[in-house]
Amino acid sequence: MCDSCKGINTWRKFDTPDDYMNCIAYISQLTADDGDFELVKEESTCPLDKVKTENGWADEIMIHTIRCRNCGQVFTCVVNTWRGSGHFGKGRSR
Ligand SMILES: [Zn+2]
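Residues numbered from 1 in each chain as written. Predicted model: local features only at pLDDT ≥ 70, side-chain atom pairs only at ≥ 80, totals over all residues.

Asker: How should the overall build of the chain be read in this particular structure?
Answerer: Along the backbone of the chain there are 2 helices and 6 strands. Secondary structure elements of the chain occur, N-terminal to C-terminal, as α-α-β-β-β-β-β-β. The globule rule puts the C-alpha radius of gyration for 94 residues at 12 Å, and the 13 Å found for the chain is close to it. The dimensions of the chain, computed from C-alpha atoms along their principal axes, are 35 × 25 × 20 Å. Per-residue burial over the chain gives 16% buried out of 94 residues. Across the chain, the fraction of contacts at a sequence separation of at least 24, relative to all contacts at a separation of at least 6, is 48%. (Helix = DSSP H or I, 4+ residues; strand = E, 2+ residues; numbered from the N terminus. Rg over C-alpha atoms; globule rule 2.2 N^0.38 Å. Buried ≥ 20, exposed ≤ 12 C-beta atoms within 10 Å, placed from the backbone. Contact = placed C-beta atoms within 7 Å.)

So this is what it looks like as structure tokens:
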């Protein structure tokens, strides 16, 4: 892991839907054009700005994977909106 990865915030679990939305906002920041990370589109269920629509969640289970542009370390955000569980952390989804 490089310096940009060491400084990353992770969520052991999401306590509320807002908590999850905060994490998605954080990931959007990290993967902005000049950010240290890129979104791995082929391993993500939908665009970051589409997780919530006027009709509710885009999907019951949503996964977003990001990769460090410096060292290639992967972090994954997983949520199950039906069970109300999820987390954001190092590595791929389990
Ligand atoms: Zn890194």
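On we go from here.
Asker: What am I meant to see in the nonpolar core here?
Answerer: If you look at the biggest cluster of nonpolar residues, it comprises 12 residues: Phe 14, Tyr 20, Cys 23, Ile 27, Phe 37, Val 51, Met 62, Ile 66, Phe 75, Cys 77, Val 79 and Phe 88. Elements with a contribution of two residues or more to this core: helix H2 (17–30), strand S4 (61–68) and strand S5 (74–80). Excluding residues that lie within four positions of it along the chain, Val 51 makes contacts with Ile 24, Cys 46, Trp 57, Ala 58 and Met 62. (Core = buried A, V, L, I, M, F, W, Y, C linked by C-beta atoms within 7 Å.)

Asker: I would appreciate a short explanation of the sheet that holds S4 in the present structure.
Answerer: Within a sheet, adjacent strands bond to each other through the backbone by hydrogen bonds, running parallel or antiparallel. Strand order in this open sheet of 4 strands is S1-S4-S5-S6, and the pairing throughout is antiparallel. The strands lining the two open edges of the sheet, one partner per strand, are strand S1 (37–39) and strand S6 (85–90). Sheet twist, expressed as the average angle between the axes of neighbouring strands with direction ignored, equals 15 degrees. With 6 bridges connecting them, S5 and S6 associate as antiparallel partners. Within S6, the residue paired with Val 78 across the bridge is His 87. (Pairing = 2+ DSSP bridges. Axes fitted to C-alpha atoms, helices over the stretch in contact; angles between N-to-C directions.)

Asker: What should I look at first to understand the pairing of S5 in this one?
Answerer: Remember that side chains alternate between the two faces of the sheet whenever the strand is regular. Because side chains alternate across S5, one face comprises the buried residues Phe 75, Cys 77 and Val 79, and the other comprises Val 74, Thr 76, Val 78 and Asn 80, none of which is buried. When S4 meets S5, the two strands line up antiparallel, connected through 7 bridges. Looking at the pairing, Arg 67 lines up with Val 74 of S5. Linking S4 to S5, which pair antiparallel, is a turn of 5 residues; within it Gly 72 sits at a positive phi near 85 degrees.

Asker: Just checking my understanding: could you explain H2 for this structure?
Answerer: Working note: α-helix, 3.6 residues per turn, so residues spaced by three or four point in the same direction. Compared with the 20 Å implied by 1.5 Å per residue over 14 residues, the 20 Å span of H2 between its first and last C-alpha is a close match. If you check which residues of H2 are buried, you get Tyr 20, Cys 23 and Ile 27. End-on view of H2: buried residues confined to an arc of 60 degrees, all on one side of the axis. For H2, exposure combined with an orientation more than 90 degrees from the buried face picks out Asp 18, Ala 25 and Gln 29. Its buried side turned inward, H2 meets S4, S5 and S6. (Expected span 1.5 Å × (residues − 1). Arc of directions from axis to C-beta.)

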